[in-house]
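Letter by letter, the chains look like this.
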Amino acid sequence: MIIELNNIKEVEIVAKTDFKYYMLFTYNPKATNVYGKYWLVNQSPNIDDLEMNKETWNLNEGEEFKVFAVMLPS
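Rules behind the numbers
Note on numbering: residues in each chain are counted from 1, in written sequence order. Owing to the predicted nature of the model, reporting of local features is limited to residues with pLDDT of at least 70; listing and counting of side-chain atom pairs is limited to 80 or more, with chain, interface and lining totals taken over all residues. Where side-chain values are given, they derive from all heavy atoms of the structure, hydrogens and water being excluded. A helix here means a DSSP run of H or I that spans at least four residues, while a strand means a run of E at least two residues long, and both kinds are numbered starting from the N terminus. Working definition: with a 1.4 Å probe on protein chains only, accessible area under 20% of the residue-type maximum means buried, over 50% means exposed, and in between means partly exposed. Each Phe, Tyr or Trp ring (for Trp, its six-membered ring) is paired with any other whose centre lies within 6.5 Å, and the angle between the two planes then decides the class: stacked below 30 degrees, edge-to-face above 60, tilted in between. Should the NZ of a Lys or the CZ of an Arg lie within 6 Å of a ring centre and within 35 degrees of the ring normal, that charge is described as sitting over the ring. Joining through side-chain atoms within 4.5 Å is the link that ties buried Ala, Val, Leu, Ile, Met, Phe, Trp, Tyr and Cys residues into a set, and such a set is a nonpolar core. Working rule for contacts: check all heavy atoms of both residues, and any pair within 4.5 Å makes them a contact. Within this document, salt bridges are pairs made up of a side-chain nitrogen of Lys or Arg and a carboxyl oxygen of Asp or Glu, the two lying within 4 Å of each other.

Draft legend 1. Fine view of the side chain of Asn 53. Within the secondary structure, Asn 53 sits in helix 2 (residues 47-56). The exposure class of Asn 53 is buried, given its relative accessible area of 14%.

Draft legend 2. Broad picture of the packing of aromatic side chains. Counting across every chain of the model gives 5 aromatic pairs. Taking the ring centre of Tyr 27 as reference, the NZ or CZ of Lys 66 above it sits at 4.9 Å.

Draft legend 3. Layout of the nonpolar core. The biggest cluster of nonpolar side chains holds 5 residues, and these are Tyr 22, Leu 24, Val 41, Leu 50 and Phe 65. Beyond its immediate chain neighbours, meaning those up to four positions away, Phe 65 contacts Leu 24, Phe 25, Thr 26, Asn 53, Lys 54, Trp 57 and Leu 59.

Draft legend 4. Here's a closer look at the pattern of salt bridges. Inspection of the entire model under this criterion finds 2 salt bridges. Between Glu 51 and Lys 54 there is a salt bridge whose closest N-O contact spans 3.8 Å. Separated by 3 residues within a single helix, Glu 51 and Lys 54 lie in helix 2, roughly one turn from each other. Take Lys 54: its relative accessible area is 30%, and that puts it in the partly exposed class. As a salt-bridge pair, Lys 66 and Glu 64 come within 3.5 Å of each other at their nearest N and O atoms. Relative accessible area serves as the criterion here: at 27%, Lys 66 is assigned to the partly exposed category.

Read these as geometric descriptors, not functional statements.
Structure representation (structure tokens):
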């Protein structure tokens, strides 16, 4: 897990085609550290996979779902 990146001078992405990749996390705003704040439930290039998990996953009190999407080069 990357917590912090420093001294980034240049980032280059050369691929012109990409695909969207989704990650479903549970988020606990009351957690005191980063490892307790976000918990990865599932990841998939298909958003419907994550929606199914949202319907079947039991959240603890105070938790909520967060979905992040990234564009990755193919």
